[in-house]
Amino acid sequence: MDATELLEAVREDSRTELSRLGSSKALYADTMGELEVETVLRSAATAEHAAAETYAAWAETESGDVADAFRATAEEERNHYDTVLDQLGADHEPGELPAIQTYLRDLEDTVERVGGFLGRTLAAEKSKEQVTGFFVGQAKPRVASTFRGMGGDLDAQLERATALLDALCDSDADWERAREAANGAITAAYEEYVERLEGMGVNPKPVC
C-alpha cells in the first residue's frame, strides 16, 4: 500500500460518514440548530482554534519532517482562526472542544497521529463546503470566498499527510494503524453529529 491507496481506502471506509458530514444537517448540528451568521462564525472559529492547538502541541513532541508539517499546519489553522475572527468582528471564547479534536489529542504514536491528521482533513473538507454554501445562501459572497480559500489550504494539508505516510509506513501494520486512526477521526466527528441531531429530535440520515 502507498499513501494514495490509503487515502482512497479511507474515503471508501468512511463514505457514509463523510457524505453525511457533508450534508446541510452537519452545519445544523455544529450550531445546535442556530443557523445564524454569528453562530456559524463562532462554530467555525472554535473548530479552527482547536485544530491549531492540537497541531501545535504535536509539533512540540515530534521531530524532523513530521514536526515541520504539524507546525506549518498549526500556523495555517491559526491564520484561519484569525480570519474568522475578522469576519466575526467580536470577541470569541472557544466553545466545547470538538469530539474529533478530543480523539486526535489522545493519539501518541506518530503514524497514528498522521493518520488522524489525514482523517481530520477529510472531515474538515466537508465542513468547509457547508460553511461556504451557507454564506453563498446568505448572499455574502466575500465571506463565502474566504471560507472557500480556507478549503483550498486543506489540499496542501492532504499532501503533507500523504507524503508523511509514505515516509513513515514501512509495514502493513503501519498502514493499518494509520488507516484506523484516520477512520477513527472521521467516526468521532460523525458520532458527535449524530448525537447532536438526535438530541434535537432530528434524524441524522439525509432525506434524499
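Residues numbered from 1 in each chain as written. Predicted model: local features only at pLDDT ≥ 70, side-chain atom pairs only at ≥ 80, totals over all residues. Heavy atoms only, no water.

Asks: I tried to follow the overall build of the protein on my own but got confused; where do I start?
Replies: Helix and strand content of the protein: nine helices and zero strands. Ordered by position from N to C terminus, the α and β elements of the protein give α-α-α-α-α-α-α-α-α. For 208 residues, the compact-globule estimate of 2.2 N^0.38 gives 17 Å, and the C-alpha radius of gyration of the protein, at 16 Å, lies within 12% of that figure. Overall, the C-alpha framework of the protein stretches about 50 × 35 × 25 Å when taken along its three principal axes. Put simply, the protein has 208 residues, and 47% of those count as buried. Across the protein, contacts joining residues at least 24 apart in sequence account for 80% of those joining residues at least 6 apart. When the accessible surface of the protein is summed, it comes to about 9,900 Å², and 45% of that surface belongs to carbon and sulfur atoms. For the protein, the distance from the average site of its 20 positive side-chain charges to the average site of its 43 negative ones is 6 Å. (Helix = DSSP H or I, 4+ residues; strand = E, 2+ residues; numbered from the N terminus. Rg over C-alpha atoms; globule rule 2.2 N^0.38 Å. Buried < 20%, exposed > 50% of the residue type's maximum accessible area, 1.4 Å probe, protein only. Contact = heavy atoms within 4.5 Å. Areas by Shrake-Rupley, 256 points an atom, 1.4 Å probe, with all protein chains shown as cover. Lys, Arg positive; Asp, Glu negative; His and termini not counted. Charge placed at Lys NZ, Arg CZ, Asp CG, Glu CD.)

Asks: Just to check I follow, could you spell out the packing of helix α5 (residues 64–88) against helix α8 (residues 141–168) for this structure?
Replies: Helix-helix packing is described using two parameters, namely the angle between the two axes and the distance between the axes. At a closest axis distance of 11 Å, the pairing of α5 and α8 adopts a crossing angle of 170°. Considering their axes alone, α5 and α8 lie roughly antiparallel with respect to each other. Together, D65, V66, A69, A72, T73, E76, E77, H80, T83, V84 and Q87 of α5 and V143, T146, F147, M150, D153, A156, Q157, R160, L164 and L168 of α8 make up the contact between the two elements. In terms of residue class, the contact of α5 with α8 is built from 10 nonpolar, six polar and five charged. (Axes fitted to C-alpha atoms, helices over the stretch in contact; angles between N-to-C directions. Parallel < 35°, antiparallel > 145°, perpendicular 65-115°, else oblique. Nonpolar A, V, L, I, M, F, W, Y, C, P; charged D, E, K, R; others polar.)

Asks: Help me out: how do you make sense of the nonpolar core in this one?
Replies: Nonpolar side chains in soluble globular proteins tend to be buried together. Core analysis: the largest hydrophobic core is formed by 41 residues, its most contacted members being Y55, F70, L118, L122, L165 and Y193. No other element matches the 11 residues that helix α9 (residues 172–199) contributes to this core. In contact with Y193, not counting residues within four places along its chain, are R20, L21, S23, K25, A26, A29 and P204. In this structure, L27, L41, F134 and F135 belong to the second largest nonpolar core, which totals 15 residues. (Core = buried A, V, L, I, M, F, W, Y, C linked by side-chain atoms within 4.5 Å.)

Asks: Would you take a moment to explain the pattern of salt bridges for this structure?
Replies: It is possible for side chains bearing opposite charge to pair when their charged atoms get close. Counted under the stated rule, the structure contains 13 salt bridges. For E75, the salt bridge is made with R78, and the minimal N-O distance between the two is 2.9 Å. Here the residue E75 and the residue R78 both occupy positions in helix α5, the gap between them amounting to three residues, near one helical turn. Judged by relative accessible area, which is 35%, R78 ranks as partly exposed. The shortest N-O distance in the salt bridge between E76 and R160 comes to 2.6 Å. Linking E76 in helix α5 with R160 in helix α8, this pair joins segments that are 84 residues apart in sequence. Beyond isolated ion pairs, a larger network of salt bridges with shared partners links D109, D174 and R177. (Salt bridge = Lys/Arg side-chain N within 4 Å of Asp/Glu carboxyl O.)

Asks: Help me out: how do you make sense of the packing of aromatic side chains in this one?
Replies: Two measures describe an aromatic ring pair: the distance that separates the ring centres and the angle between the ring planes. Here the structure, examined in full by the defined rule, presents eight aromatic pairs. The interplanar angle of 80° and the centroid separation of 5.0 Å between the aromatic rings of F134 and F135 together place this pair among those described as edge-to-face. This pair shows no difference in class: F134 is buried, exactly as F135 is. Ring pairs connect the aromatic residues Y55, W58, F70 and F117, which therefore count as one cluster. (Phe/Tyr/Trp six-rings, centres within 6.5 Å; stacked < 30°, edge-to-face > 60°.)

Asks: Help me out: how do you make sense of the packing of helix α7 (residues 110–137) against α9 in this one?
Replies: Direction vectors running N to C along α7 and α9 enclose 40°, while the axes themselves pass 7 Å from each other. In terms of their interaxial angle, α7 and α9 are classed as oblique. Where α7 crosses over α9, the two elements pack in a sense that is right-handed. Two secondary-structure elements touch here, α7 through V111, E112, G115, G116, L118, G119, R120 and L122 and α9 through D174, R177, A178, A181, A182, A185 and I186. A class-by-class count of the residues in the contact of α7 with α9 yields eight nonpolar, three polar and four charged. (Left-handed = near helix turned anticlockwise from the far one by under 90°.)

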